[in-house]
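Descriptive structure summary
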Amino acid sequence: MRDTSLITAGPESQRSKNILRWMLYIMLGVFALFYLMPLFVMITTSLKSLDEIRTGDLISLPRAVTFDAWTKAWSGACTGIQCEGVRPYFWNSVLIAIPAVLISTLIGAVNGYVVAQWRFRGANLFFSLMLFGCFIPFQVVLLPMARVLGMMGVAGTIPGLIFVHVIYGLGFTTLFFRNYYVSIPSELTSAAKVDGAGFFRIFWSIFLPLSLPIIVVTVIWQFTQIWNDFLFGVSFSQAGTQPVTVALNNIVNSTTGVKEYNVDMAAAIIAALPTLFVYVVAGKYFVRGLTAGSVKG
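So, here's what we can say about the structure. (Residues numbered from 1 in each chain as written. Predicted model: local features only at pLDDT ≥ 70, side-chain atom pairs only at ≥ 80, totals over all residues. Heavy atoms only, no water.)

**As for the environment of Ser93**
What counts here: Secondary structure elements are taken from DSSP: a helix is a run of H or I of four residues or more, a strand is a run of E of two residues or more, and numbering for both begins at the N terminus.
Within the secondary structure, Ser93 sits in helix 4 (residues 87-118). Note: C-alpha distance between Ser93 and Lys48 (45 residues apart in sequence) is 28 Å.

Below you can see the structure in the form of structure tokens.
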């Protein structure tokens, strides 16, 4: 006699899987709404007038969309006694972030290449010390770094801030590239040496062309850390060289008269746009690059 239990188990099992799948989708949707709600409030508040903010609801859509708050946040909001908006500080952050990202990425690539492929005496100790640097809190290096910047004559300058971010980021960039390069067969290096290629020839011709995934990871990581940094920016800068995060803090805490929440929200969004743009454009490559060197090392 034919067993019908297997026939009925199939549709019921599929129905249970569909229910669980939809429950998962609903749960993920709730979490997404929860995390996106602050961004929604920031955007809608920045598009409202002050009268509408005072009389309206926090999560309501603007009755009349206005970009006056964005204009003032960019070029007219006061950061203390100066009312220049975030524009000059935004470009300061650009001048700091781009060179610091490029330099720290290049040096980290060379360090990772050396530690992973050339295996000199003390390579493991060198890498351990670099790795240890990743876990040193920002506050610990403030005083020594200030002394070094003073001795170099770059205290309170944009080159000084670039130097700070390059030094502090080398531990992370070396870690990323080392873990990626150990997954590349050492036979490539040996074959190149037999053909007469030197240190930099092997690096530029073999390893660097293979490094696009981890370069994307490092650039995203470094750019996010440098752009969002506040402690180094407020500690090692002065008037005229402060990054956008310091200006944003000054705008929020330097209000006279009526508190302009729409301007504060617009300034916060402007300050966050570059990192948001980087993640939207290259976010998928970030995960790919992180997992590319996770098999070995």
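That was the structure; now back to the text.
**Regarding the packing of aromatic side chains**
The condition that has to hold: Pairing of aromatic side chains requires ring centres within 6.5 Å, counting the rings of Phe and Tyr and the six-membered ring of Trp. Pairs whose planes differ by under 30 degrees are stacked, by over 60 edge-to-face, and all others tilted. Whether a charge sits over a ring comes down to the Lys NZ or Arg CZ being within 6 Å of the ring centre and within 35 degrees of the ring normal.
All told, the structure shown has 20 aromatic pairs when counted by the stated rule. Positioned above the aromatic ring of Phe127, the side-chain terminus of Arg178 is 4.6 Å from the ring centre.

**A short note on the side chain of Asn111**
Basically, it comes down to this: Remark: exposure states derive from per-residue accessible area (1.4 Å probe, protein chains only) relative to the maximum for the residue type, with buried under 20%, exposed over 50%, and partly exposed in between. When checking whether two residues touch, look at their non-hydrogen atoms; a contact exists if any pair is within 4.5 Å.
As for its position among the elements, Asn111 is in helix 4. Taking relative accessible area as the criterion, Asn111 reaches 15% and is therefore assigned buried. Leaving out residues up to four positions away in the same chain, Asn111 has contacts with Phe126, Met130 and Thr174.

**Comments concerning the environment of Gln238**
Under the convention used in this document: Identification of polar contacts relies on pairs of N or O atoms within 3.5 Å, with a donor-acceptor requirement for protein atoms, meaning one able to donate a hydrogen and the other able to accept it, and with residues adjacent in sequence counted only if both atoms are side-chain atoms.
With respect to the secondary-structure elements, Gln238 resides in the loop between helix 11 (231-235) and helix 12 (244-253). Taking C-alpha positions, Gln238 is 8.8 Å from Ala155, a pair spaced 83 residues apart along the chain. A polar contact is formed between the side chain of Gln238 and the backbone oxygen of Gly156, at a distance of 3.4 Å.

**As for the state of the cysteines**
Such a bond, covalent and formed between the sulfur atoms of two cysteines, is termed a disulfide. Basically, it comes down to this: For the purposes of this analysis, a disulfide is any pair of cysteine sulfur atoms at a distance within 2.5 Å.
In the structure shown here, the tally under the stated rule is one disulfide. The disulfide partner of Cys78 is Cys83, and the S-S distance across this bridge is 1.9 Å. On the sign convention where negative means left-handed, the S-S torsion of about 85° between Cys78 and Cys83 marks this disulfide as right-handed.

**A few points about the pattern of salt bridges**
As a reminder, the rule being used: Criterion for a salt bridge: a side-chain nitrogen of Lys or Arg within 4 Å of a carboxyl oxygen of Asp or Glu.
Tallied over the entire structure, the rule returns three salt bridges. Put simply, Arg54 and Asp51 hold a salt bridge, and the shortest N to O gap is 2.5 Å. Placement of both Arg54 and Asp51 in helix 2 (residues 50-55) is noted, with a separation of three residues, approximately one turn of the helix. Among the residues examined, Arg54 registers a relative accessible area of 54% and is labelled exposed. Residue Lys72 is joined to Glu260 by a salt bridge in which the shortest nitrogen-to-oxygen separation is 2.8 Å. Taken together, the residues span a long stretch of sequence, with Lys72 in helix 3 (residues 68-75) and Glu260 in the loop between helix 12 and helix 13 (261-292) at a distance of 188 residues. By relative accessible area, which is 33% here, Lys72 ends up partly exposed.

Don't take any of this as a statement about function, it's just geometry.
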